[in-house]
Amino acid sequence: MPQPSIIIHNAGQLLTVDPARMTAENPLGMIENGALRIEAGRIVWIGSSSDLNPADYPAHQWLDAKGKLVMPGLIDSHTHTIFAGDRANEFELRLQGKTYLEIAQAGGGILKTVTATREASADTLRQLTLARLQRMRRFGVTTVEVKSGYGLDFASEIKCLEVLQSLQTESPVSVIPTYMGGHDIPPEYKGRTDAYVDLLCTEQIPVVAARGLAVFCDVFCEQGYFDVAQSRKILETARQHGLKLKIHAEEFCDLGGAQLAGELRATSADHLLNISDTGIAALKAGGTVATLLPGTAFYLRIKDYAPALKLLAAGVPVALATDFNPGSCVIDNLQLIMALACLQMNMPPVDVIKAVTLHAAMALDLQHDRGSLTVGKRADIAMFEAASYNELLYRVGSNLLTDVIVGGDYRPL
Ligand code: NIG
Ligand code: FE
């Protein structure tokens, strides 16, 4: 079905986040009283509302923003959205003082979700994931990266990736799939991590890549999970098979995953709570995006957040994402993550806006297609009941979204 042509006008602040419009005085390329035109799912014109003559576009659908904030649709570039079951019991254990790693060692953690996900049918997983993506859309998110990694055997990983593939066509948001067989060591390989890594490299990665079931490969490089050498093997194999690279690095300790990411020129390195100065320099040198997930530190009550300001000062592009998953962060609201980035990491509002738009697109290697309001890019647009982007951040905990357009598709929330 051809998509209707749309005009949005009277935006109080139209944040283009377009590098070509950004200056020191106007760091987000903002157009006041802005307008834009969408045709066939793409942005075809951007400018001032006063330059629009209704008589020129009688067949377009006119959307009056009435002074609201209009900006690129939010991009959640790091989530674990496909899983079954829940881990609500771990919430209370942590209140009693148990740490995330202690709970995992005692039989909770990722492996508990693996059991539930293996048992779930594709149809159940599809319904659960679809409902979660729908919720994310209602917060203004238009692109969501989703990792596998709660299957951890061939059939279950493929089952999850196939569900994600089926969701790409009819999902309420754009889904970018990541293969993460290296999320944990499954029970049948306990104590035999190297053998499990071999299995991933010889049996899973080649099939996932050949079938086009994932764009990225990610690995949990962490004490008790995959060390740097094992992570390197997984990522190098993935690259040989044409997958792009991501890594969970320095979440609970500084293992050197960031150095590996920089050396491999990975697209992103994520978490980074314990990143060293050497790690920061490696990300800069490798052109790797630092994806920070302050919701996880908040949810696990870790005091030291990732050093966002140091990363920004070093010139590393910083993205922000939810890390939505059943264990370490159940927050699916990217607006809340933006506020946490301000309050807990002192990130300036301008950097926060970039971190969920342009830099998040870079974290998915999609900056040429989305992440800013630029002529030619996908029409992914979020509209908020806020007079300014500062107001969006300041209203911590409220969902200010009023309208969202995904790839030119404008439907009620
Ligand atoms: O990003 N770090 C590894 N994976 C998730 C946690 C997943 C879970 O606890 O189920 C994370 O924090
Ligand atoms: Fe994660």
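Residues numbered from 1 in each chain as written. Chains lettered and ligands numbered in written order. Predicted model: local features only at pLDDT ≥ 70, side-chain atom pairs only at ≥ 80, totals over all residues. Heavy atoms only, no water.

A. Representation of the site of ligand 1 within the structure. The environment of ligand 1 is made up of 15 residues, and the closest members are R87, Y100, Y150, H183 and S328. Separating an oxygen atom of ligand 1 from a side-chain N or O atom of Y100 is a distance of 2.4 Å. In isolation ligand 1 offers 330 Å² of accessible surface; the protein chains occlude 100% of this area. Partitioning the shell around ligand 1 into residue classes produces four nonpolar, eight polar and three charged. (Near = heavy atom within 4 Å. Polar contact = N/O pair within 3.5 Å; in protein donor to acceptor, adjacent residues only side chain to side chain. Areas by Shrake-Rupley, 256 points an atom, 1.4 Å probe, with all protein chains shown as cover. Nonpolar A, V, L, I, M, F, W, Y, C, P; charged D, E, K, R; others polar.)

B. Inspection of the nonpolar core at higher detail. L283, L292 and F384 are the most contacted members of the largest nonpolar core, which totals 108 residues. Ranked by residues supplied to this core, first place goes to helix α6 (residues 193-210) with eight residues. Mapped onto the domain boundaries, this core takes at least three residues apiece from domain 1 (6-73 + 372-410) and domain 2 (74-362). For F384, the residues in contact, after removing those within four places along its chain, are K68, L69, M71, L74, F139, Q335, L392, L400, L401 and T402. (Core = buried A, V, L, I, M, F, W, Y, C linked by side-chain atoms within 4.5 Å. Buried < 20%, exposed > 50% of the residue type's maximum accessible area, 1.4 Å probe, protein only. Helix = DSSP H or I, 4+ residues; strand = E, 2+ residues; numbered from the N terminus. Domains from an automatic or database assignment. Contact = heavy atoms within 4.5 Å.)

C. View of the coordination of the iron ion (ligand 2). The protein atoms donating to the iron ion (ligand 2) are H78 (NE2), H80 (NE2), H248 (NE2) and D323 (OD), with metal-donor distances spanning 2.1 to 2.3 Å. In the primary sequence, the donor residues of the iron ion (ligand 2) line up as H-x1-H-x167-H-x74-D. Taking relative accessible area as the criterion, H78 reaches 0% and is therefore assigned buried. Judged by its relative accessible area of 2%, H80 falls in the buried class. (Donors = N, O, S within 2.8 Å, 3.2 Å for Na, K, Ca; no water.)

D. Geometry of the environment of M71. Relative to the helices and strands, M71 resides in strand β5 (residues 69-72). Considering only alpha carbons, one finds M71 and G371, 300 residues apart in sequence, at a separation of 9.4 Å. Setting aside anything within four residues of it in sequence, one finds M71 in contact with L15, I353, T357, L373, D380, I381, A382, F384 and L392.

E. Representation of the packing of helix α5 (residues 154-170) against α6. For the pair α5 and α6, the least separation of the axes is 11 Å and the interaxial angle reads 20°. As far as their axial angle goes, α6 and α5 are roughly parallel. Crossing of α5 against α6: the hand is right-handed. Facing F154, E157, I158 and L161 of α5, the residues of α6 in contact are E203, Q204, V207 and V208. Residue composition of the contact of α5 with α6, by class: five nonpolar, one polar and two charged. (Axes fitted to C-alpha atoms, helices over the stretch in contact; angles between N-to-C directions. Parallel < 35°, antiparallel > 145°, perpendicular 65-115°, else oblique. Left-handed = near helix turned anticlockwise from the far one by under 90°.)

F. The arrangement of the pairing of strand β12 (residues 289-292) in detail. Alternating positions in β12 separate into two faces, V289 and T291 on one and A290 and L292 on the other, with burial throughout. Inspection of the sheet shows strand β11 (residues 268-271) paired to β12 by three bridges, in the parallel sense. By the bridge assignment for β12, S268 is matched with V289. Crossover connection from β11 via helix α9 (residues 277-286) to parallel β12: handedness right-handed. The pairing of β12 with strand β13 (residues 318-320) spans three bridges and is classified as parallel. Following the sheet pairing, T291 is matched in β13 by A319. (Pairing = 2+ DSSP bridges. Right-handed = clockwise from strand over helix to strand, strands pointing away.)

G. Region of interest: unusual backbone geometry. The backbone phi angle of R301 is positive, close to 55°, even though this residue is not glycine. Position of R301 among the secondary structure elements: in the loop between α10 (294-300) and α11 (308-313). By relative accessible area, R301 is classed as exposed at 54%. Backbone geometry places D323, a non-glycine residue, at a positive phi of 65°. Mapped onto the secondary structure, D323 falls in the loop between β13 and α12 (334-345). Assessed through its relative accessible area of 2%, D323 is described here as buried.

H. Representation of the state of the cysteines in the model. With the rule as written, the count across this model stands at zero disulfides. The thiol of C221 is unpaired, and the distance to the nearest cysteine sulfur, on C253, comes to 8.5 Å. (Disulfide = S-S within 2.5 Å.)

I. Inspection of the domain arrangement of the protein at higher detail. Along its sequence, the protein is carved into domain 1 (6-73 + 372-410) and domain 2 (74-362). Averaged C-alpha coordinates put domain 1 and domain 2 at centres separated by 30 Å. Contacts between domain 1 and domain 2 engage 29 residues on the former and 25 residues on the latter. Overall, the association of domain 1 and domain 2 removes approximately 2,000 Å² of surface from exposure, summing both partners, and the carbon and sulfur fraction of that is 73%. Counting across the domain 1 and domain 2 interface gives zero salt bridges. Looking at the side of domain 1 that touches domain 2, the elements that each hand over two or more residues are β5, β14 (381-384), α15 (389-394) and β15 (401-406). Tallied by class, the residues present in the side of domain 1 that touches domain 2 amount to 20 nonpolar, six polar and three charged. (Buried area = accessible area lost by both parts, 1.4 Å probe. Salt bridge = Lys/Arg side-chain N within 4 Å of Asp/Glu carboxyl O.)

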